[in-house]
Amino acid sequence: MNTTKLLIIGSGPAGYTAGIYAGRANLSPTLIEGMQPGGQLTITTEVENFPGFPEGIDANELMEGMRRQAERFGTQILPNMVTDIDLGTRPFHVTLDDNSHWTADSIIIATGASAKYLGLPDEQKYMGQGVSACATCDGFFYRKKIVAVVGGGDTACEEASYLAGLASKVYLIVRKPFLRASKIMQERVLSNDKIEVLFETNTLGLYGENGVEGAHLVYRKGENDERQYDLPIDGFFLAIGHHPNSELFSPWLKTDEDGYIITEGDSPRTAVPGVYAAGDVADPHYRQAVIAAASGAKAAMEAEKFLAQ
Ligand code: NDP
């Protein structure tokens, strides 16, 4: 049995910042990296809005810097995943994917969120064969090809703009008659000649013999002028939001209807004393690296206070 005073689960901005703060407080935390070391940011390219980098910074470089900073202050980083957890005992009990067992006096949950899919059977059928939820990971394969991005938020606009730099044509499939994205992202999309926005449009399915060759779309579904048609495309990118990675913890912690962990006010305190939730797993609203980092810092400060008692 391994023991630690503080176990941090997750390696995005929230997890690493918690590691930096807890390390500096001499808590010798242990951080479990999870499936995607560095978190969601590592699948984007440039981060333009993290303070302190006026020219922007490569996302992987930013996360690598946070990781090294956490290690510098004594955070032990393990390349594992948590497979089981018991928050009903003291100390808390955690099992990792290498079958090792850990006890922890305090836990910071910083497991982030993952991309959502529409739920069409065709998404599974063509997964990796034209369907993707990460333009920066897979965009390269669609150079000079035709792609579609689904969604009307900042992520969709960002992905459409990124893909427009590679593909010959990008359709943005938006279910409402307007974009939800911030003004600056909307302007970027609407002024890009390669991007065509298909408002009030939903996807019914995908077709193709060898991978995606097109999408079955419907314009103004349920209205008098409803029109169904096929759009030839080579790639279909989802950018319709995320769901929090909170399933492991839901037997013990309160979550909202979308699964986000509910914390006390704007603190990272959960209903279980000594357990904190930081970053996107508890944030349905902002989903920003700088905000996740700040909540990781708060969680570490709370854990320090709890452990001192
Ligand atoms: P959002 O929740 O903001 O947007 C999701 C989009 O997907 C909406 O347009 C929504 O439509 C659409 N959508 C959801 N479900 C479906 C569905 N079943 N079928 C079709 N369309 C669907 O998610 P984002 O990931 O874009 O952004 C999340 C947060 O992260 C936001 O706060 C955003 O500002 C932030 N962000 C900031 C960035 C930056 O500052 N650089 C970059 C990326 C994200 P509808 O509008 O109809 O609900």
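Bear in mind that the values here come from a model prediction, so they are computed numbers and not experimental data. (Residues numbered from 1 in each chain as written. Predicted model: local features only at pLDDT ≥ 70, side-chain atom pairs only at ≥ 80, totals over all residues. Heavy atoms only, no water.)

1. A few points about helix α1 (residues 13-24)
Compared with an ideal rise of 1.5 Å per residue, which puts 12 residues at 16 Å, α1 spans 16 Å between its outermost C-alpha atoms and is within 8% of the ideal. For α1, the set of buried residues is Pro13, Ala14, Gly15, Tyr16, Thr17, Ala18, Gly19, Ile20, Ala22 and Gly23. Turning to α1, the residues buried within the fold contact β1 (2-9), β2 (30-32), α2 (59-72), β5 (76-78), β8 (101-109) and α7 (289-308). Looking one or two places after α1, you find Asn26, whose phi comes out positive at around 65°. (Helix = DSSP H or I, 4+ residues; strand = E, 2+ residues; numbered from the N terminus. Expected span 1.5 Å × (residues − 1). Buried < 20%, exposed > 50% of the residue type's maximum accessible area, 1.4 Å probe, protein only. Contact = heavy atoms within 4.5 Å.)

2. Digging into the pattern of salt bridges
For the coordinates displayed, the defined rule picks out 10 salt bridges. Salt-bridge contacts for Glu64 lead to Arg68; the nearest nitrogen and oxygen are separated by 3.7 Å. Within this pair, Glu64 and its partner Arg68 are both found in helix α2, separated by 4 residues, close to a single helical turn. Using a relative accessible area of 52% as the deciding quantity, one classes Arg68 as exposed. We note a salt bridge from Asp280 to Arg287, for which the minimum N-O separation is 3.6 Å. Since its relative accessible area comes to 11%, Asp280 is described here as buried. (Salt bridge = Lys/Arg side-chain N within 4 Å of Asp/Glu carboxyl O.)

3. A look at the domain arrangement of the chain
Along its sequence, the chain is carved into domain 1 (2-114 + 242-308) and domain 2 (117-238). Using C-alpha coordinates to define each centre, domain 1 is positioned 32 Å away from domain 2. Taken together, the contacts link 5 residues of domain 1 with 6 residues of domain 2. Approximately 380 Å² of surface area, both sides summed, lies buried where domain 1 meets domain 2, with 55% of it carried by carbon and sulfur atoms. Linking domain 1 with domain 2 are 1 salt bridge. A salt bridge links Glu48 to Arg188; its shortest N-O distance comes to 3.6 Å. (Domains from an automatic or database assignment. Buried area = accessible area lost by both parts, 1.4 Å probe.)

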